[in-house]
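If you want the building blocks of each chain, they are given just below.
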Amino acid sequence: MEDESPKPKKHTDKNKHPKEDTILNHLEISVAESEKRANGTLNLREFYTVYLIETKLTDSEFQNKFPKLTTVWRRYTEFEQLRGYLEVTYPYIILPPLPEKRVMFGWQKISSDTFDPNFVDRRRAGLENFLLRIASHTVLSWDKHFIEFLQHEDEWRETYKSNGYLQLMENKLKALNLSMRLRNTDPRFESIKDYSHIFQNNLNNLLKARSRVAEKQYNVHKLHANYGRVFSEWSAVEKDMGDALQKTGHYLDSLASSIDAGLEDEELLVDQLKEYLFFANSLQNVCKNYEYHQLQLEGAEDNVANKNVERNKAQQGKTSLMSRLFGAVDTDEVRELKVNLLDQQIQEGAAAVNASKTNLNEFSTKALADIERFQRQKVFDLQETLTSYAFLQLKTAKKGLQTWLQIRDCLQNVP
């Protein structure tokens, strides 16, 4: 019988324009396995998990562009470093999130141990999905540093340390954490920011509700398992009903196993919902980056306005402390020097304003285009995930109904 349980989706952007090329059109990427390792002395060992990335060329014409396709081992922290680098380098792109560090919205059976085999395997699938998301993006996939991440194990680590990415990331995080009060805002980005918070809140509520339901289902699973054991034991002492009771116990055990398997399958779909919960943070970061560019423009405009005020005062010869205190006026020569200096500063400030406007416009154009791409991707993925979730619930309910009908028939046929 064909296995109908949901499989982790290998996400790509299925809405790409046919002419747009990505490296995923030329090679396959997978995170094939995980391995637990230890470092330090025998008494002070620290354990960590590494993941094996495999790349396989599917287009022979690209052999010269990817000469060192091989396998590399990466820690979760290295995936974090890659994402941090991309966040600094492409502030206008809604970056794919990494899988959760610790279990969120779990239920009783889900282990919070990050070395638990089930958790590690789900993280492995999440990291593979992260790489596939990048590899299917028309800009991110061709990033040199990303390609090195796939090909060069030790060399990539040294490059990351030597190129100053750590300092760039630190400065970027400080900038994003600043409280920004803007005079002017783009209603498009304001609307997107509001939507991202609503979207995140709705997914939070959905995942919390599902967690509560899963907990109740798991308790039903344990109850059925206990009933199955009781009926099986009872069958040994009830000679007239022994066969019927034994079958009933078997059916209840089967139902308990079905519920448990259904919950395990749900976790794969829930991980896909969690991905979009974290995608909301990426969307909010793009909005923060827009605000940062807008703040830079307003700061440059304020600087020019202040310099013009100073120039007007300089023309009157009343810019020094003595002139303000005693009404003294600068000489024509001093006044001319000050005005010329301020004229130069105003010209430089005007150039800075134009540069800030250009940067803001370029950022807005790129960001809005990527947000449109993300919205298409989101609709497709969530429709697929929620449809799969609905079919899984129907499958579990049908299995339960079938089992209870079997139990009914079994007990009704007792002589």
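Residues numbered from 1 in each chain as written. Predicted model: local features only at pLDDT ≥ 70, side-chain atom pairs only at ≥ 80, totals over all residues. Heavy atoms only, no water.

Caption draft 1: Representation of the packing of aromatic side chains in the model. In total, this model carries eleven aromatic pairs according to the counting rule given. Taking 5.3 Å as the distance between ring centres and 70° as the angle between the ring planes, the aromatic pair formed by Phe 79 and Phe 149 counts as edge-to-face. In this pair, Phe 79 is assigned in helix α1 (residues 76-89) and Phe 149 in helix α3 (residues 144-151), connecting sequence segments 70 residues apart. Here the two residues Phe 79 and Phe 149 agree in accessibility, since each one is buried. (Phe/Tyr/Trp six-rings, centres within 6.5 Å; stacked < 30°, edge-to-face > 60°. Helix = DSSP H or I, 4+ residues; strand = E, 2+ residues; numbered from the N terminus. Buried < 20%, exposed > 50% of the residue type's maximum accessible area, 1.4 Å probe, protein only.)

Caption draft 2: Representation of the pairing of strand β2 (residues 46-57) within the structure. Here strand β1 (residues 27-39) pairs with β2 via twelve bridges, running antiparallel. Note on β2: the bridge partner recorded for Lys 36 is Thr 49. Inspection of the sheet shows β2 paired to strand β3 (residues 71-75) by five bridges, in the antiparallel sense. Looking across to β3, one finds that Glu 54 is bridged to Thr 71. (Pairing = 2+ DSSP bridges.)

Caption draft 3: Inspection of the pattern of salt bridges at higher detail. In total, this model carries 23 salt bridges according to the counting rule given. Residue Glu 87 pairs with Arg 83 through a salt bridge whose shortest N-O separation is 3.7 Å. Here Glu 87 pairs with Arg 83, and both are found in helix α1, just four residues apart, close to one helical turn. Take Glu 87: its relative accessible area is 18%, and that puts it in the buried class. (Salt bridge = Lys/Arg side-chain N within 4 Å of Asp/Glu carboxyl O.)

Purely geometric stuff here, so don't read any function into it on its own.
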